[in-house]
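A structural walkthrough
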Amino acid sequence: MSTPEYIRAIRASAGHRLLLLPGVTAVVFDDRGRVLLGRRSDTGRWSVVGGIAEPGEQPAQTAVREVYEETAVRCVPERVVLVQMLQPVTYANGDICQFQDITFRCRATGGEARVNDHESLEVGWFEPDALPALEPFALDRIHRALRDEPTWFEAPAESAE
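Residues numbered from 1 in each chain as written. Predicted model: local features only at pLDDT ≥ 70, side-chain atom pairs only at ≥ 80, totals over all residues. Heavy atoms only, no water.

Re helix 3 (residues 136-146)
All of the buried residues along helix 3 are Ala138, Arg141, Ile142, Arg144 and Ala145. All buried residues of helix 3 lie within an arc of 165° about the axis, which places them on one face of the element. (Buried < 20%, exposed > 50% of the residue type's maximum accessible area, 1.4 Å probe, protein only. Helix = DSSP H or I, 4+ residues; strand = E, 2+ residues; numbered from the N terminus. Arc of directions from axis to C-beta.)

So, the pattern of salt bridges
The final tally for this structure, using the stated rule, is 14 salt bridges. For Arg65, the salt bridge is made with Glu69, and the minimal N-O distance between the two is 3.3 Å. Of the two residues, Arg65 and Glu69 are both situated in helix 2 (residues 59-71); the distance of four residues between them amounts to about one turn of the helix. Note on Arg65: relative accessible area 16%, which makes it buried. (Salt bridge = Lys/Arg side-chain N within 4 Å of Asp/Glu carboxyl O.)

Digging into the environment of His16
Considering the arrangement of structural elements, one finds His16 in the loop between helix 1 (5-14) and strand 1 (19-29). Non-local contacts of His16, meaning those with residues more than four positions away in its chain, are made with Arg11, Asn93, Gly94, Asp95 and Ile96. (Contact = heavy atoms within 4.5 Å.)

Description of the environment of Phe29
Take Phe29: it is sitting in strand 1. When its relative accessible area of 4% is taken as the criterion, Phe29 is described as buried. When the C-alpha positions of Phe29 and Glu127 are compared, they lie 9.6 Å apart, and in sequence the two are 98 residues distant.

Describing the packing of aromatic side chains
One pass over the structure, following the stated rule, counts one aromatic pair. Consider the rings of Trp46 and Phe126, whose centres lie 5.0 Å apart with planes at 75°: the pair is edge-to-face. Residue Trp46 is located in strand 3 (residues 46-47), and its partner Phe126 is located in strand 8 (residues 120-126); the two are separated by 80 residues in the primary sequence. In this structure, Trp46 and Phe126 share a single accessibility class: buried. Positioned over the ring face of Tyr68 is Arg74, at 3.7 Å from the centre of the ring. (Phe/Tyr/Trp six-rings, centres within 6.5 Å; stacked < 30°, edge-to-face > 60°. Lys NZ or Arg CZ within 6 Å of the ring centre and 35° of its normal.)

Let's talk about unusual backbone geometry
One non-glycine residue with positive phi stands out, namely Ala72, at about 65°. Mapped onto the fold, Ala72 is located in the loop between helix 2 and strand 5 (74-85). Its relative accessible area of 6% is what places Ala72 among the buried residues.

Describing the side chain of Thr25
Here Thr25 is to be found in strand 1. Sequence-distant contacts of Thr25, that is, excluding residues within four places in its chain, are made with Val48, Val49, Gly50, Asp101, Ile102, Thr103, Phe104 and Arg141.

Topic: helix 1
The set of residues buried in helix 1 consists of Ile7, Arg11 and Ala14. With its buried residues spanning 75° around the axis, helix 1 presents them on a single face. For helix 1, the exposed residues lying more than 90 degrees away from the buried face are Glu5, Ala12 and Ser13. Structurally, helix 1 contributes buried residues whose contacts are with strand 1, strand 4 (49-52) and strand 7 (96-110). Just beyond helix 1, the residue with positive phi is Gly15, at close to 65°.

A few points about the pairing of strand 2 (residues 35-40)
Pairing geometry for strand 2 and strand 8, over six bridges, is antiparallel. Residue pairing in the sheet places Leu36 in a bridge with Trp125 of strand 8. In sequence, strand 2 turns back onto strand 3 through a hairpin of five residues, with Gly44 there showing a positive phi of about 75°. (Pairing = 2+ DSSP bridges.)

Dropping the structure here:
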């Protein structure tokens, strides 16, 4: 994932300190029920499409933008699948980030799946029962997007009164 310019500007003054960032994941299905995946250039692993919202950008628009930028597929967000605060991540350069992820189930509306930027090595459509090796978070998002359930979120801990 390339770092947006506005985050580079924040890093110039914040150094490696923890940044809370708005992340969006798009689980995109075509009219045959296949899911769109990209093989990431930074890890070499297959994953769902996602990225960081730009300042002032609505999360659903981030999903649409990221899908097109990475795969050349046009899509429409249909529903919010989950909202989740992820664990902090420390990158090789020492930067620490924590992403608050909003995952959307999306429907492909056009375009031809292909590598459309430097963030992906490959892009493809996969049957949900024939997925390549994926990280647990990606599998979880796909499985939740396939079910017709309310938006998932972690319930707040009960306060001791």
